[in-house]
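Letter by letter, the chains look like this.
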Amino acid sequence: MSSSFTWNLLILFLALVYVKAEVQYHEFIVQETPVKRLCMRQSIITVNGQFPGPSLMVTDGDTLVIKVTNMAKYNITLHWHGIRQIRTAWADGPDYITQCPIVPGATYVYQFTIQDQEGTLWWHAHAAWLRATVHGALIIYPKLGKSYPFEKPQKEFPIILGEWWNRDPNQVLRQATATGAAPNISDALTINGRPGDLFPCSNQGTTIIPVTSGETNLFRFINAAMNMELFVSFAGHDMTVVAADSAYTKPFTTTVILLGPGQTTDVLVTADQSPGRYYIAARAYASAQGVPFDNTTATAILEYKFADCSVVHSAPSSLLPLVPLLPAYNDTATATAFSTSLRSPSPVKVPEPVDEDLFFTVGLGLFFCPPSVPCGGPNGNTRFAASINNISFVLPNTLSILQAYYFSTPGVYTDDFPPKPPIIFDFTANNISQSLLQPVQGTKAYTVKFGSVVQIVFQGTNIVGGEEHPMHIHGYQFYVLATGFGNFDPESDSDKFNLVDPPERNTIGVPVNGWAVVRFVADNPGVWLVHCHIDAHLTWGLAMVLIVGNGEGESQSLLPPPLDLPVC
């Protein structure tokens, strides 16, 4: 029996097993792994020695059982970004929110079921800054017998965008936390863990994606960067956007896409150019004025293959790839044009009437240091801070909030998070009073009833400086009804709501010095983190907790905690 025939039989066998599988078992070993990037060798934290980590390929309806053993030196948790976690909040993953960390040498089994979701998601560490290297794709395929709402692509490619530091990212975090300064910017952007051949010592490892003339392929982009929103373009090729954050969209054609940290975007690309080599490039969208950022460009190569009978020849590797035209780093007009082009593929039933009308200011601030203590923030006497409704979130450290809620344990959090900011002011003014600079620290939650229709207006502020904030709500997909610039006006801006075909997302970019309105039904009981997915901002406190109570009966109630839930 020929090796090729044996390989084909194996693929067929695996395909048959895959479509019939209902439970997938995976083992993740968190460990230190030596790698070389930018001419330097260093050890990073990985899962199973892979960077990026293993891709999980599942089908809607599958149950995942993932045994995580921590053999690294840091505490860790894993978050399955975008998974609804219906009744299984214990598996959501953010440290001290839904679980205590998995300490070195310990094991925890994450178990959850995919329910009515399909598309591109991802998983990542949710403790300190470990997600810089601990992350991977999570692809959900349609159920057997169901197809994509577009023509089936010839091939599919997960593309993970990231940031690279020439030192331990946790040490970068510790230095910033100790001084109160902004963390050092990354040394390179990456595509599938590689910076690309524009960087020294990087030519050999550049990601190369082989395509054949005439075929249409699906590229699943994931922004796993810690602090960077990113523009992405293909040299010489248009992209057709077909999904974002695991929700299908009305297809539209573009030459550039924008992804904030945490977001995913699926695009179709047809290999319709002259055979050759073309760069796929990613570069920063940096909306904050005067703030240092990683101004490098990561690249991968789209390489045409052309066949002569059974022999495949690649384009010469010496051929210099064509370079795409990327927007300027501060091109807010292009960022806005892309984001506002997203629509659901057909009319949707937007939930109404609104039961919980919440108004959340999101932005930066400063803590003033004692006179005798030098600090790394502005003027040398401040520390950077961030807040929602003037509350700078502080993680507990004795018990997770979900455990405290479930067991009615006092002293871990309070349930008095304000539904509106304590002071109404000109949120996006150029000169905001210094009396508004300093937020109040707290571990606060806001509780809603099961089945409530929740609307949140995220209002950006210009305290310290305006910046686009990618806001992520754990446990939920939501409709984005509208976005805009300036201060949200409930009278005039409500008329701009898209109540016909708003896009569905799990992470929304709140425009720089602007606002975004989202709406969803609180139909998933548990404790859910709401936070900015720029990790520097999360570290500074740009987060809060939303608690959704149980509904009626078992099917609307949170499951009991697993027996192996880590202890603090």
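Use the structure listed above.
Residues numbered from 1 in each chain as written. Predicted model: local features only at pLDDT ≥ 70, side-chain atom pairs only at ≥ 80, totals over all residues. Heavy atoms only, no water.

Draft legend 1. Examining the pairing of strand β1 (residues 23–37) more closely. Bridging between β1 and strand β4 (residues 63–70) involves eight bridges; their strand directions are parallel. Paired with His 26 across the two strands is Ile 66, which belongs to β4. Note that β1 and strand β2 (residues 40–47) share eight bridges and pair antiparallel. Bridge pairing in β2 links Gln 31 to Thr 46. Here β1 folds back onto β2 in antiparallel fashion, the turn holding two residues, of which Leu 38 has a positive phi close to 50°. (Pairing = 2+ DSSP bridges. Helix = DSSP H or I, 4+ residues; strand = E, 2+ residues; numbered from the N terminus.)

Draft legend 2. Examining the pairing of strand β21 (residues 356–368) more closely. Among the 13 residues in β21, 11 count as buried, and that is most of the element. In this structure, β21 lies alongside strand β26 (residues 453–460), joined through seven bridges in parallel fashion. Looking at the pairing, Glu 356 lines up with Val 454 of β26. As defined by bridge partners, β21 adjoins strand β22 (residues 382–388) across seven bridges and the pair is classed as antiparallel. Residue pairing across strands places Val 362 opposite Ile 388, the latter belonging to β22. (Buried < 20%, exposed > 50% of the residue type's maximum accessible area, 1.4 Å probe, protein only.)

Draft legend 3. Spatial organisation of the nonpolar core. With 92 residues, the main nonpolar core has Leu 78, Trp 80, Phe 458 and Met 471 as its most contacted residues. Ranked by residue count, the leading element in this core is strand β33 (residues 543–548), at six residues. Counting residues in each nonpolar core, the second largest holds 44 residues, with Ile 159, Ile 209, Val 211 and Ile 280 among its members. (Core = buried A, V, L, I, M, F, W, Y, C linked by side-chain atoms within 4.5 Å.)

Draft legend 4. Quick peek at the layout of surface pockets. Estimated volume of the largest pocket: approximately 1,000 Å³. Along the wall of the largest pocket there are 39 residues; nearest its centre are Leu 173, Thr 177, Leu 395, Leu 538 and Thr 539. Contributing elements (two or more residues each) for the lining of the largest pocket: β7 (119–125), α2 (169–179), β22, β23 (391–393), β32 (526–532) and α5 (535–540). Considered class by class, the residues forming the lining of the largest pocket number 22 nonpolar, 12 polar and five charged. Estimated volume of the second largest pocket: approximately 560 Å³. In terms of lining residues, the second largest pocket is bounded by 29 residues, among which Ala 182, Val 291, Pro 292, Glu 467 and His 537 are the most central. When residues in the lining of the second largest pocket are grouped by element, the largest group, three residues, is from α5. The residue makeup of the lining of the second largest pocket, split by class, is 17 nonpolar, seven polar and five charged. (1 Å grid on protein atoms, 1.4 Å probe; cavity = no way out; pocket = protein on both sides within 12 Å on 5 of 7 lines; lining within 4 Å. Points joined across faces, edges and corners; volume = space filled by probe spheres on them. Nonpolar A, V, L, I, M, F, W, Y, C, P; charged D, E, K, R; others polar.)

Draft legend 5. Spatial organisation of the packing of aromatic side chains. Applying the stated criterion across every chain, the model contains 29 aromatic pairs. Relative to Phe 497, the ring of Phe 488 has its centre 6.5 Å away and its plane inclined at 15°; by these criteria the two rings are stacked. Of the residues examined, Phe 488 reaches a relative accessible area of 12% and is grouped as buried. Among the aromatic residues, those joined into a ring-pair cluster are Phe 28, Trp 80, Tyr 108, Tyr 110, Phe 112 and Trp 123. Over the ring of Trp 164 we find Arg 37, and its NZ or CZ is 5.9 Å from the ring centre. (Phe/Tyr/Trp six-rings, centres within 6.5 Å; stacked < 30°, edge-to-face > 60°. Lys NZ or Arg CZ within 6 Å of the ring centre and 35° of its normal.)

Draft legend 6. Here's a closer look at the state of the cysteines. The tally for this structure, following the rule as stated, stands at three disulfides. Each sulfur in the disulfide pair Cys 100 and Cys 568 lies 1.9 Å from the other. Given an S-S torsion of about -85°, the disulfide between Cys 100 and Cys 568 has left-handed geometry. Within this pair, whereas Cys 100 is found in the loop between β5 (78–81) and β6 (107–113), its partner Cys 568 is found in the segment after β33, the two being separated by 468 residues in sequence. Cys 568 gets classed as partly exposed once you look at its relative accessible area, which sits at 48%. Indicated for the protein is the disulfide connectivity 1-3, 2-6, 4-5, based on numbering the bonded cysteines in sequence order. (Disulfide = S-S within 2.5 Å.)

Draft legend 7. α2, seen in detail. Among the residues of α2, those classed as buried are Pro 169, Asn 170, Val 172, Leu 173 and Ala 176. For α2, the buried positions fall inside an angular range of 155° around the axis, keeping them on one side. Each element contacted by the buried residues of α2 is listed here: α5. The distance from a side-chain oxygen at the start of α2 to the backbone nitrogen of Asn 170 is 2.8 Å, and the residue carrying that oxygen is Asp 168. (Arc of directions from axis to C-beta. Contact = heavy atoms within 4.5 Å. Polar contact = N/O pair within 3.5 Å; in protein donor to acceptor, adjacent residues only side chain to side chain.)

Draft legend 8. Summary view of the sheet that holds strand β17 (residues 264–270). Read across the sheet, six strands follow the order β10-β9-β12-β17-β14-β15 without closing on themselves; strand pairing throughout is mixed. A single partner strand is all that each edge strand has here, and the edge strands are β10 (188–191) and β15 (247–254). Pairs of neighbouring strands in the sheet enclose a mean axial angle of 25°, with direction left out of account. In terms of strand pairing, strand β14 (residues 239–244) meets β15 through five bridges, oriented antiparallel. (Axes fitted to C-alpha atoms, helices over the stretch in contact; angles between N-to-C directions.)

Draft legend 9. Geometry of the environment of Thr 190. Tracing the backbone shows Thr 190 in strand β10. For Thr 190, a relative accessible area of 4% corresponds to the buried category. C-alpha separation for the pair Thr 190 and Leu 542, spaced 352 residues apart in sequence, amounts to 26 Å. With sequence-adjacent residues up to four places away left out, Thr 190 is seen in contact with Ile 160, Leu 161, Gly 162, Glu 163, Trp 164, Pro 195 and Ala 298.

Draft legend 10. Just unusual backbone geometry, in detail. The omega torsion of the bond from Phe 51 to Pro 52 falls at -5°, within 30 degrees of zero and hence cis. Relative to the helices and strands, Pro 52 is located in the loop between β2 and β3 (56–59). Geometrically, the link from Glu 352 to Pro 353 is a cis peptide bond, its omega value of 0° lying close to zero. Its place among the elements puts Pro 353 in the loop between α3 (332–339) and β21. Unusually for a residue other than glycine, Val 464 sits at a positive phi of about 70°. With respect to the element layout, Val 464 can be found in the loop between β26 and β27 (469–473). Although it is not a glycine, Asn 513 adopts a positive phi angle of roughly 50°.

Treat this as a map of the structure, not an account of what it does.
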